[in-house]
Amino acid sequence: MADQVTALRAYHDLGEEAAGSGRPGPAGVSLREVSGFSLTQFACWPDTLIEVGAMAARAAGCDAAPGPGQVATGARERLLRVEPLKWWLIREADSAPIADMPAELGAALELSSARTWVRVEGPEASRLLNHFLPLDLRPDAFPRDRVASTAFHHVGITLWRSGGAFELALPRSFAASLWKLLVDSARQYGLVTGEAAYALADGGEK
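Residues numbered from 1 in each chain as written. Predicted model: local features only at pLDDT ≥ 70, side-chain atom pairs only at ≥ 80, totals over all residues. Heavy atoms only, no water.

Draft legend 1. Examining the sheet that holds strand β1 (residues 29–34) more closely. Ordered in space as β8-β9-β10-β7-β1-β11, the six strands form an open sheet in which the pairing is mixed. Of all strands in the sheet, those with a lone pairing partner are β8 (147–152) and β11 (191–193), marking the two edges. Ignoring strand direction, the axes of neighbouring strands in this sheet form an average angle of 25°. One ladder, built from six bridges, connects β8 with strand β9 (residues 155–162); its direction is antiparallel. What sits directly across from Ala 151, in β9, is Gly 156. The sheet contacts of helix α3 (residues 175–186) involve β1, β7 (115–121), β8, β9, β10 (165–171) and β11, and relative to β1 the element is tilted by about 165°. (Pairing = 2+ DSSP bridges. Helix = DSSP H or I, 4+ residues; strand = E, 2+ residues; numbered from the N terminus. Axes fitted to C-alpha atoms, helices over the stretch in contact; angles between N-to-C directions. Contact = heavy atoms within 4.5 Å.)

Draft legend 2. Main features of the pattern of salt bridges. Per the counting criterion, the structure on display carries eight salt bridges. For Asp 136, the salt bridge identified is with Arg 138, shortest N-O distance 2.7 Å. Overall, the relative accessible area of 35% leaves Asp 136 in the partly exposed class. Its relative accessible area of 53% is what places Arg 138 among the exposed residues. Residues Lys 180 and Asp 184 are paired through a salt bridge, measuring 3.0 Å at the closest nitrogen-oxygen approach. Highlighted residues: Lys 180 and Asp 184, both in helix α3, separated by four residues, approximately one helical turn. (Salt bridge = Lys/Arg side-chain N within 4 Å of Asp/Glu carboxyl O. Buried < 20%, exposed > 50% of the residue type's maximum accessible area, 1.4 Å probe, protein only.)

Draft legend 3. The packing of aromatic side chains, seen in detail. For the structure on display, the rule yields three aromatic pairs. Ring geometry for Phe 37 against Trp 117: centres 5.3 Å apart, planes inclined by 80°, an arrangement best described as edge-to-face. With Phe 37 in strand β2 (residues 37–44) and Trp 117 in strand β7, the pair connects residues that are 80 residues apart, well separated along the chain. Ring pairs connect the aromatic residues Phe 37, Trp 117 and Trp 160, which therefore count as one cluster. (Phe/Tyr/Trp six-rings, centres within 6.5 Å; stacked < 30°, edge-to-face > 60°.)

Draft legend 4. Highlighting the nonpolar core. Counting residues in each nonpolar core, the largest one holds 28 residues, and the members touching the most others are Val 120 and Leu 168. Those elements that provide at least two residues to this core are β1, β7, α2 (125–129), β8, β9, β10 and α3. No other element matches α3, which puts six residues into this core. Residues in contact with Val 120, not counting those within four places in the same chain, are Val 29, Ser 30, Leu 31, Ala 125, Leu 128, Leu 129, Ala 165, Phe 166 and Leu 168. (Core = buried A, V, L, I, M, F, W, Y, C linked by side-chain atoms within 4.5 Å.)

Structure follows, in structure tokens:
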């Protein structure tokens, strides 16, 4: 796979400058782009659900494919059930290619360059996201390893929870505009971005 070129290059490393809201105390939100990943979509037909699910689970190193709205984790992989007939396999960028799938079973589609991955962390992360997302993000309603397809400012995105972080897979063509909306709204809570965001990590995966 060719090297990924970020859609957010011009917005990286705002650092502490982005926290200039005058809000006292530590920043409430960190935003950063996650890079170096491979994203493959497994799609099946209704009558090949079990077989394709098993193929996706093997590729992810999981015991079984997750059910709707769930995430399964392998050694270094995540397998997300993003739709009733679709899974997303997220791996390291240098992972071996996925073999072609027979058309009678479904399709395996490379989506790495079609999505931008943004991680949102901090004590005000869910409050920030609820400015834009029509979901109940409280831990008991949207716990770790839960995934949802939803709308962000009329744009379809995929959201999942990993540890103390929310992970957003944004369509690449909308990533810059959605990132700017997040940054502008997050300033009221105190914000760090880019490399500075690592200091605010609260149990999120690195």
